[in-house]
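Remarks on the overall topology
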Amino acid sequence: MNDFPKNTQQPNDAPIGIFDSGVGGISVLKAIHAMLPNEHLIYVADAAYAPYGDKVPGDILVRSKFIVDYLLHRKVKAIVIACNTASAIAAKELRQAVDVPIIAIEPAIKPAIATSGNKVIGVLATKNTIASAAFSRLCEKYANGAKLIVQSCPGLVEQIEAGQFSSTTTKALLREYLAPIMAAKADTLVLGCTHYPFLIKQIQEIIGTDVEIIEPSHAVARELANRLNLASALPHCSASSEIQFLSTGKLDLANHVFASLWGQPLRVEPLAST
Ligand code: DGL
């Protein structure tokens, strides 16, 4: 384990670090910024190593530690793992090693089961999330007789990273991955990867608008707000927040894709990947 810097007692106006393998976590960043508009946010995309979904789990742990180490050196007061895959593989170990709050994300199986009428639920996630012990535990704990149709989505994250939201390839992949879920007549669909909310429109074009789509970015933002509130760590003043975007990947395309997902022009700064 890295020798992480100790980060106790950061001031209330210290930034919050948020990371993902790439642009997917911007879906979580948006929810956090909407709920906590006065917080300074540092977003790290580990795009040089994206996608995480089919990497060896040990490599994802190493990458997660690298980014957390960077964020701690930036003196963040909390870290959000805006990535289901890294959360499933690394959250437990990171929490044991680090003394700032670490908020993780998981596929929203529990709320989906509460919402579903026919208790047939589709779940889209990465191969690594689905193969993780954390995901098995989640299903065992909450499935409670519901039928879960769990589908990995190889290739989809690469399309989103490339800004290909509506390409023929993206739509063909979606049709293939949604087919078993539609055949089982699921009435609820869990988006278990933070990249997928950026395809909600394209998903609805295939499955229709009657299927309830559930993604947990707002729940993660709420959890973060609660944790900061309990720790009396919310910012005191209402100064406007700064949001910094960093990527370990190539920046030429990143600026364009980040800006289109964030909805405003921005400049992505480089972060050395080792
Ligand atoms: N957005 C991430 C997740 O929520 C990672 C996807 C990937 O890199 O494969 O799982």
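Calculation criteria
- Residues numbered from 1 in each chain as written.
- Predicted model: local features only at pLDDT ≥ 70, side-chain atom pairs only at ≥ 80, totals over all residues.
- Heavy atoms only, no water.
- Buried < 20%, exposed > 50% of the residue type's maximum accessible area, 1.4 Å probe, protein only.
- Helix = DSSP H or I, 4+ residues; strand = E, 2+ residues; numbered from the N terminus.
- Pairing = 2+ DSSP bridges.
- Contact = heavy atoms within 4.5 Å.
- Axes fitted to C-alpha atoms, helices over the stretch in contact; angles between N-to-C directions.
- Near = heavy atom within 4 Å.
- Polar contact = N/O pair within 3.5 Å; in protein donor to acceptor, adjacent residues only side chain to side chain.
- Areas by Shrake-Rupley, 256 points an atom, 1.4 Å probe, with all protein chains shown as cover.
- Expected span 1.5 Å × (residues − 1).
- Core = buried A, V, L, I, M, F, W, Y, C linked by side-chain atoms within 4.5 Å.
- Phe/Tyr/Trp six-rings, centres within 6.5 Å; stacked < 30°, edge-to-face > 60°.

Looking now at the pairing of strand β5 (residues 120-125). Among the six residues of β5, six are classified as buried, and the element is accordingly described as predominantly covered. Taking every second residue as pointing to the same face, both faces of β5 are buried, with V120, G122 and L124 on one and I121, V123 and A125 on the other. With six bridges connecting them, β5 and strand β6 (residues 147-152) associate as parallel partners. When the sheet's bridge partners are listed, V123 is paired in β6 with V150. Of the pairings in the sheet, the one linking β5 to strand β7 (residues 188-191) comprises four bridges and is parallel in character. Bridging from a neighbouring strand, L124 pairs with L191 of β7.

Further remarks concern the sheet that holds strand β2 (residues 41-45). If you trace the six strands from one edge of the open sheet to the other, you get β4-β3-β1-β2-β9-β10, paired in parallel fashion. Each of the sheet's edge strands pairs with one partner strand only, and the pair in question is β4 (102-103) and β10 (268-270). Running at roughly 160° to strand β1 (residues 16-20), helix α2 (residues 57-73) makes contact with β1, β2, β3 (78-81) and β9 (243-247) of the sheet.

Every buried residue of helix α1 (residues 26-35) is accounted for by I26, S27, V28, L29, A31 and I32. Of the surrounding secondary structure, the elements contacted by the buried residues of α1 are β1, β2, β3, α10 (217-230), β9 and α11 (251-262).

Now for unusual backbone geometry. Note the cis peptide between A50 and P51, where omega equals 0°. By the element assignment, P51 lies in the loop between β2 and α2. In this structure, K75 takes a positive phi of about 60° despite not being glycine. Relative to the elements of secondary structure, K75 occurs in the loop between α2 and β3. At K119, a position not held by glycine, the phi torsion is positive, near 60°.

Neighbouring the ligand are 13 residues; S21, Y52, G53, T85 and H195 lie closest to it. Within the side chain of S21, one N or O atom sits 2.6 Å away from an oxygen atom of the ligand. For the ligand, whose accessible area on its own is 300 Å², the fraction buried by protein is 99%.

Once that is clear, we can look at helix α3 (residues 84-97). Over its 14 residues, α3 extends 19 Å from the first C-alpha to the last, a length consistent with the 20 Å expected when each residue adds 1.5 Å. Along α3, the residues that are buried comprise N84, T85, A86, S87, A90, A91 and L94. Where α3 is buried, its residues touch β1, α2, β3, β4 and α5 (127-131).

Below, the discussion takes up the nonpolar core. If you look at the biggest cluster of nonpolar residues, it comprises 57 residues, and the most contacted ones within it are L124, L189, I203 and F258. Take this core: its biggest share by element is six residues, from α11. Beyond its immediate sequence surroundings of up to four residues, L124 is in contact with Q151, C153, Y177, L178, I181, L189, V190, L191, G192, C193, Y196 and I203. Formed by 25 residues, the second largest nonpolar core is a distinct cluster that contains L61, I67, V68 and Y70.

Moving on to the packing of aromatic side chains. Applying the stated criterion across every chain, the model contains four aromatic pairs. Arranged with centres 6.3 Å apart and planes meeting at 75°, the rings of Y43 and F258 form a pair that is edge-to-face. Taken together, the positions of Y43 in strand β2 and F258 in helix α11 put the pair 215 residues apart, joining distant regions of the chain. The two residues Y43 and F258 agree in class, both being buried. For the ring pair F245 and F258, a centre distance of 6.0 Å and an interplane angle of 85° mean the geometry is edge-to-face. Here the residue F245 occupies a position in strand β9, and F258 occupies one in helix α11, the gap between them amounting to 13 residues. This pair shows no difference in class: F245 is buried, exactly as F258 is.

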